[in-house]
Amino acid sequence: MVLALVTMKKLLDYAEEKNIAVGAFSVGNMEMVMGAVKAAEELGTPIILQIAEVRLKNSPLELMGPMMLAAAKNSSVDIAVHLDHGLKFETVRKALELGFTSVMFDGSLLPLEENIEQVHAVVAEAYKYGATVEAELGVVGGNEGEGKKHEILCTRPEDAVTFCRETGVDALAVAIGNAHGNYPVLPELRFDVLEQIHSAVDVPLVLHGGTGISDEQFRHSIKLGVRKINIATASFDRLALFAKQYCDGKEKANYFELSAAEVQGVYENVKRHIKVFSFID
Ligand code: 13P
């Protein structure tokens, strides 16, 4: 059997060749994994399954990691398993030891030199495992999890050049007015900045904070070099909504039906986003 667990680099190359972006879908339980994989298999498109370090208190890495890897290995489509927003070197190493094929180290709040130094060390470590590395430059707004909200600080194209050259990173998460969580209004993305970064560096670009960005904005950003798009909040919200709708008005909820409702909520959200990112109408 061909194992469908692949590196993120392979998927980024595929996206570049096809001029699309690969969806990176955050997961926090088995139903989320199942919903995301079901959508990808139905559309025959690769995806990235990811979990952020701040989520590990709810969904421990030792439990989620093996499940995400098993889902990828048993899938009929290519799937990369990725640590999102790694904050500690030891968490990155733990993910690599488990078999994650990609890791992000988020040193975006550090001064440039320190961010470079730490990402460089992560790249060296990941290399031993043949894994892909993503890093962030500039500050994506909002917050992942309940942490402090961050002000947006757009990536400076000239810093991106230095950063990619010095770290040897495989993918660069950019800050162009995007933010984690639900946007109060449609964000105004700085496509001018994205265009400058794209022409200055040749690594694939990553758009975080996908929830609430419009389909047109997604597709425009893909035309300007974005090859990976992260979706978290929308999947968590859909799961919670479908679970609530299932439970509402029921005198006695049934666990198995509740589980199926959760899968369905995530499946619908992931499917919708894959279609936008793959230009499937
Ligand atoms: P959203 O929660 O806004 O979809 O952002 C996802 C993300 O960027 C995860 O790193």
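Residues numbered from 1 in each chain as written. Predicted model: local features only at pLDDT ≥ 70, side-chain atom pairs only at ≥ 80, totals over all residues. Heavy atoms only, no water.

K.L.:
Would you mind going over helix α3 (residues 61–73) in detail, with residue names and values included?
P.N.:
Between its first and last C-alpha atoms α3 spans 17 Å; for 13 residues at 1.5 Å apiece the expected length is 18 Å, and the two agree. For α3, the full list of buried residues reads L61, M64, G65, M68, L69, A71 and A72. Burial along α3 is one-sided: seen end-on, the buried residues are contained in an arc of 160°. Buried residues belonging to α3 abut α2 (30–43), β2 (47–52), β3 (79–86) and α4 (89–98). (Helix = DSSP H or I, 4+ residues; strand = E, 2+ residues; numbered from the N terminus. Expected span 1.5 Å × (residues − 1). Buried < 20%, exposed > 50% of the residue type's maximum accessible area, 1.4 Å probe, protein only. Arc of directions from axis to C-beta. Contact = heavy atoms within 4.5 Å.)

K.L.:
Mind laying out the pairing of β3, listing which residues take part and the relevant values?
P.N.:
Counted residue by residue, β3 has 8 buried out of 8 residues, so it is predominantly covered. When β2 meets β3, the two strands line up parallel, connected through 6 bridges. In the sheet register, L49 faces β3, and the bridge partner there is V81. On the question of chirality, the crossover connecting β2 to the parallel β3 by way of α3 is right-handed. Both β3 and strand β4 (residues 102–105) contribute to a ladder of 3 bridges, which runs parallel. (Pairing = 2+ DSSP bridges. Right-handed = clockwise from strand over helix to strand, strands pointing away.)

K.L.:
Now, about the packing of aromatic side chains: what can you tell me, with residues and values included?
P.N.:
Taken as a whole and assessed by the stated rule, the structure comprises 2 aromatic pairs. With centroids separated by 4.9 Å and ring planes inclined at 80°, the aromatic side chains of F218 and F277 adopt a geometry described as edge-to-face. Separated by 59 residues along the polypeptide, F218 in helix α8 (residues 215–223) and F277 in helix α10 (residues 255–277) bring together distant segments of the chain. Exposure class is identical for F218 and F277. Each is buried. In this structure, K38 is placed above the aromatic ring of Y267, and the distance from its NZ or CZ to the ring centre is 4.3 Å. (Phe/Tyr/Trp six-rings, centres within 6.5 Å; stacked < 30°, edge-to-face > 60°. Lys NZ or Arg CZ within 6 Å of the ring centre and 35° of its normal.)

K.L.:
I'd like a rundown of helix α7 (residues 191–200), residues and numbers included.
P.N.:
If you check which residues of α7 are buried, you get F191, V193, L194 and I197. One side of α7 carries all its buried residues, which in axial view fall inside an arc of 155°. Looking at the buried positions of α7, the neighbouring elements they touch are α6 (157–167), β6 (171–174), β7 (205–207), α8 and β8 (226–231).

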